[in-house]
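What follows is the residue order along each chain.
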Amino acid sequence: MKTEEIIDRLRNPQKYRKEAVSSRPHSTEEIEIVTSQTHNTSIVLAFFIALGVLGMAAAILLITLHTKNRAEDLSTSLNPEQLQGLSSNTEFDPRKIVTYVNINELGEGSDRVPTVEELGSTIPIISRYNYQAITAENYGVIGAAPWALSSNVEANLKDVDLLRYLLNRPEVANAFVQRPDVVPLLADPQLLGSFAQDNTSLQAFFTSPLVQHISDNEDLVMAFSKSRLMSTLLTSKAVKFYRDRPEEFARIIHASPVLAPLTKNPHIRKAVQENFYLKSIATQLLDNVAPAPVKPVAKARPVEIMDEIEDEEEEEAEG
């Protein structure tokens, strides 16, 4: 060993100890300690990751439950401005429109058949959270597409205000009465009368769970009865033909084994009696009873009136 190296070792002994330790091979015990420490660190890290995942899952669950509660408790989930949009003031007033609507028949080869394929694969479903965001075009789709209106009604049976809003949308009513399967019925009184005597079709419709549920609920029946959609149907050419002939209208109803029992339903009776277009003929339609003839009041002749006046004056003078 050189003299300079000896002097350097004496001056910096710690430096040469570190070099000696680093150059010495590790023992088995030291390797196991290092491995154990690394394993423990991995376990701790995995625990915290699992804890974070569980925390995120709990947060998502709480948010979901909160959203569900808000959806069920509509009074707290909507602000006052949204509730005003669903108020009964938006009901359609049938007295402000003409009492006759002429629906033109579609010509042959028309491309207005609203098949689901042409309208898209998704039918819009209205709710309290999207009714203001749905476009006028999509409200038209609800009225035009097969099954769309019934699907929306079925989805909102517990929300009468929302159904009233839907049935009063002009896009829904106008699109519905322009459906190819509806236009001929509303344009031809004879065809409508034949349909009213098709007991098989009527039975399938009125015995469906959806229609039965509506018939058993007074609020739902009244929502339909006072809607723009119902008023548009009642003012169509074919229906107005029978409204102007209540005897024939009543005969068709009471001759049908499907329609006649409906006249005993208290909710339907109330709806007919209060409907703007039907209340004047409600007795005939519901009970098949013609209204009592109004006796003409005989007009007094001028001479008889003068005699009565003179008699009254004489009685007053004597009194």
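Heads up: the structure comes first, above all this text.
Residues numbered from 1 in each chain as written. Predicted model: local features only at pLDDT ≥ 70, side-chain atom pairs only at ≥ 80, totals over all residues. Heavy atoms only, no water.

**Overview of the overall build of the chain**
The secondary structure content of the chain amounts to 21 helices and zero strands. Going through the 319 residues of the chain one by one, you find that 31% of them count as buried. Counting contacts in the chain only where the partners sit at least 6 residues apart, residues at least 24 apart contribute 72% of the total. Total accessible area computed for the chain in this model is approximately 21500 Å², and 57% of it derives from carbon and sulfur atoms. (Helix = DSSP H or I, 4+ residues; strand = E, 2+ residues; numbered from the N terminus. Buried < 20%, exposed > 50% of the residue type's maximum accessible area, 1.4 Å probe, protein only. Contact = heavy atoms within 4.5 Å. Areas by Shrake-Rupley, 256 points an atom, 1.4 Å probe, with all protein chains shown as cover.)

**Focus: the packing of aromatic side chains**
Under the definition given, this model contains six aromatic pairs. Ring centres 5.0 Å apart and planes at 85 degrees place the aromatic pair F205 and F206 in the edge-to-face group. Here the aromatic rings of F276 and Y277 are separated by 5.1 Å at their centres, their planes lie at 85 degrees, and the arrangement is edge-to-face. Judged by its relative accessible area of 33%, F276 is partly exposed. Taking the relative accessible area as the measure of exposure, Y277 reaches 5% and is therefore buried. A network of ring pairs unites the aromatic residues Y131, Y139 and Y165 as a single cluster. A cation over an aromatic ring shows up here: R169 above the ring of Y139, its NZ or CZ 4.0 Å from the ring centre. (Phe/Tyr/Trp six-rings, centres within 6.5 Å; stacked < 30°, edge-to-face > 60°. Lys NZ or Arg CZ within 6 Å of the ring centre and 35° of its normal.)

**Here we look at the layout of surface pockets**
In this structure, the largest pocket spans a volume of roughly 2000 Å³. Lining the largest pocket are 47 residues, with F205, F206, M230, L233 and L259 positioned closest to its centre. Looking at the lining of the largest pocket residue by residue, the classes come out as 36 nonpolar, nine polar and two charged. (1 Å grid on protein atoms, 1.4 Å probe; cavity = no way out; pocket = protein on both sides within 12 Å on 5 of 7 lines; lining within 4 Å. Points joined across faces, edges and corners; volume = space filled by probe spheres on them. Nonpolar A, V, L, I, M, F, W, Y, C, P; charged D, E, K, R; others polar.)

**Observations regarding the packing of helix α15 (residues 218-225) against helix α19 (residues 266-274)**
Two elements in contact, α15 and α19, have axes whose closest approach is 9 Å; the angle formed by their N-to-C orientations is 30 degrees. By the angle between their directions, the pair α15 and α19 is classed as roughly parallel. Here α15 runs over α19; the crossing is right-handed. Counted together, E218, V221, M222 and S225 of α15 and H267, I268, K270, A271 and E274 of α19 form the full contact between these two elements. (Axes fitted to C-alpha atoms, helices over the stretch in contact; angles between N-to-C directions. Parallel < 35°, antiparallel > 145°, perpendicular 65-115°, else oblique. Left-handed = near helix turned anticlockwise from the far one by under 90°.)

**Section: unusual backbone geometry**
Both trends apply: most residues other than glycine have a negative phi, and most peptide bonds are in trans. If you check the backbone angles, W147 has positive phi at about 70 degrees while not being a glycine. Inspection of the secondary structure assignment puts W147 in the loop between α7 (136-144) and α8 (148-155). Judged by relative accessible area, W147 falls into the exposed class, the value being 60%.

**A few points about the nonpolar core**
Ranked by size, the top nonpolar core spans 51 residues in total, and within it I126, Y139, L149 and L166 carry the most contacts. Broken down by element, the residue count for this core peaks at six residues, all from helix α9 (residues 160-167). Aside from chain neighbours lying at most four places away, what touches I126 is Y131, I134, Y139, N152, N156, L162, Y165 and L166. (Core = buried A, V, L, I, M, F, W, Y, C linked by side-chain atoms within 4.5 Å.)

**Here's the deal with helix α18 (residues 246-255)**
Listed as buried for α18 are P246, F249, A250, I252 and I253. All buried residues of α18 lie within an arc of 160 degrees about the axis, which places them on one face of the element. Facing away from the buried side of α18 by over 90 degrees, the exposed positions are E247 and A255. (Arc of directions from axis to C-beta.)

**Some remarks on the side chain of T232**
Of note, T232 is situated in helix α16 (residues 228-234). A relative accessible area of 10% means that T232 is categorised as buried. Excluding residues within four positions of it along the chain, T232 makes contact with A173 and V177.

**Considering the packing of α8 against α9**
Following both chains from N to C, one finds α8 and α9 inclined at 160 degrees, their axes separated by 9 Å at the closest point. Classed by the angle they form, the pair α8 and α9 counts as roughly antiparallel. Of α9, the residues touching α8 (which contributes L149, N152 and V153) are L163, L166 and L167. When grouped by side-chain class, the residues that make up the contact of α8 with α9 number five nonpolar, one polar and no charged.

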